[in-house]
Amino acid sequence: MASLEQIIDDFAFLDEWEDRYRYVIELGKELPDLPDEKKTSENKVQGCASQVWLVSHIDGGADPVMTFEGDSDAHIVRGLVAIVLAVYSGKRASEIAATDAIEIFDRIGLVEHLSSQRANGLRSMVKRIRQEARMKQAA
């Protein structure tokens, strides 16, 4: 999986939106498949036109490190999941709660090229992860 820094650098290198689109799809292909037993209604992200599943893992403690697994049935959305995981996975709950991935997507020029349905789905993923981080931080 590519790091967030690598993804940002790669986007800066790609001038054409079509090349960026293909890159997002490639990121999705690198995302490990989520096992079918984890594709449950509990793990499904509401508000996405495509099917998206997110699974979180918490290491415990007052400000736990959270890691995430994700998947989607749509190629471009799977790539968006990969970028969201690069933003959040492996970070402390406090850092996740304070980080708005949408700002990062804006910075690399992705949000303006997403359909409204995909942009809403992206916001739903980010909202869910940040809410979970706030709950784990408060626990």
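See the structure above.
Residues numbered from 1 in each chain as written. Predicted model: local features only at pLDDT ≥ 70, side-chain atom pairs only at ≥ 80, totals over all residues. Heavy atoms only, no water.

Student: For this particular structure, what's the right way to read the packing of helix 1 (residues 4-13) against helix 3 (residues 75-88)?
Tutor: What describes two packed helices is the angle between their axes and the distance between those same axes. At a minimum axis distance of 8 Å, the contact between helix 1 and helix 3 shows a crossing angle of 130°. In this view, helix 1 runs oblique relative to helix 3, as classed from their interaxial angle. On the side of helix 1, the interface is formed by Leu-4, Ile-7 and Phe-11, while helix 3 contributes Ile-83, Ala-86 and Val-87. Here the contact of helix 1 with helix 3 is built from residues that sort into 6 nonpolar, no polar and no charged. (Axes fitted to C-alpha atoms, helices over the stretch in contact; angles between N-to-C directions. Helix = DSSP H or I, 4+ residues; strand = E, 2+ residues; numbered from the N terminus. Parallel < 35°, antiparallel > 145°, perpendicular 65-115°, else oblique. Contact = heavy atoms within 4.5 Å. Nonpolar A, V, L, I, M, F, W, Y, C, P; charged D, E, K, R; others polar.)

Student: How should I be thinking about helix 2 (residues 17-30) in this particular structure?
Tutor: In an α-helix there are 3.6 residues to a turn, and that puts residues three or four apart on one side. With 14 residues, helix 2 extends 20 Å from end C-alpha to end C-alpha; this agrees with the ideal 20 Å at 1.5 Å per step. Summarising the contacts, the buried residues of helix 2 are in contact with helix 1 and helix 3. (Expected span 1.5 Å × (residues − 1).)

Student: Explanation requested: the sheet that holds strand 2 (residues 65-72) in the structure shown.
Tutor: What the 3 strands build is an open sheet, ordered 1-2-3; its pairing is antiparallel. Two strands close off the open sheet at either side, each with one partner strand: strand 1 (52-58) and strand 3 (91-92). Looking at chain direction, strand 2 and strand 3 are connected through 2 bridges and run antiparallel. The residue of strand 3 that forms the bridge with Met-66 is Lys-91. (Pairing = 2+ DSSP bridges.)

Student: Would you mind showing me how to read helix 1 here?
Tutor: If you check which residues of helix 1 are buried, you get Leu-4, Ile-7 and Phe-11. For helix 1, the angular spread of the buried residues around the axis is 60°, confining them to a single face. Of the residues in helix 1, the exposed ones pointing more than 90 degrees away from the buried face are Glu-5, Asp-9, Ala-12 and Phe-13. Next to the buried residues of helix 1 lie helix 2, helix 3 and helix 5 (101-107). (Buried < 20%, exposed > 50% of the residue type's maximum accessible area, 1.4 Å probe, protein only. Arc of directions from axis to C-beta.)

Student: Looking at this structure, how should I read the nonpolar core?
Tutor: Generally speaking, a soluble globular protein has its nonpolar side chains buried in company with each other. Counting residues in each nonpolar core, the largest one holds 45 residues, and the members touching the most others are Tyr-88, Phe-105, Leu-122 and Met-125. For this core, the secondary structure elements donating two or more residues are helix 1, helix 2, strand 1, strand 2, helix 3, helix 4 (93-98), helix 5 and helix 6 (116-138). Broken down by element, this core gets its largest block of residues, 11 residues, from helix 3. When residues no more than four places from it in sequence are discounted, the contact partners of Tyr-88 are Met-66, Phe-68, Ile-96, Thr-99, Asp-100, Ala-101, Val-126, Ile-129 and Arg-130. (Core = buried A, V, L, I, M, F, W, Y, C linked by side-chain atoms within 4.5 Å.)

Student: How do you make sense of the pattern of salt bridges when you look at a structure like this?
Tutor: Once the charged atoms of two side chains with opposite charge are near each other, the side chains can pair. A full pass over the atoms with the stated rule returns 8 salt bridges. A salt bridge links Glu-69 to Lys-38; the shortest N-O distance between them is 2.6 Å. Residue Glu-69 is located in strand 2, and its partner Lys-38 is located in the loop between helix 2 and strand 1; the two are separated by 31 residues in the primary sequence. The residue Lys-39 makes a salt bridge to Asp-71 at a minimum N-O spacing of 3.5 Å. Of this pair, Lys-39 sits in the loop between helix 2 and strand 1 while Asp-71 sits in strand 2; the two residues are 32 residues apart in sequence, bridging distant segments of the chain. (Salt bridge = Lys/Arg side-chain N within 4 Å of Asp/Glu carboxyl O.)

Student: Please clarify how the pairing of strand 2 should be interpreted in this entry.
Tutor: Two faces, one strand: in a regular strand the side chains alternate between the faces of the sheet. Sheet topology places strand 1 next to strand 2; 7 bridges connect them, and they run antiparallel. In the sheet register, Val-52 faces strand 2, and the bridge partner there is Ser-72. Remark: 6 residues form the turn of the hairpin made by strand 1 and strand 2, two consecutive strands paired antiparallel; Gly-60 in that turn has positive phi of roughly 90°.

All we've got here are geometric facts, nothing functional implied.
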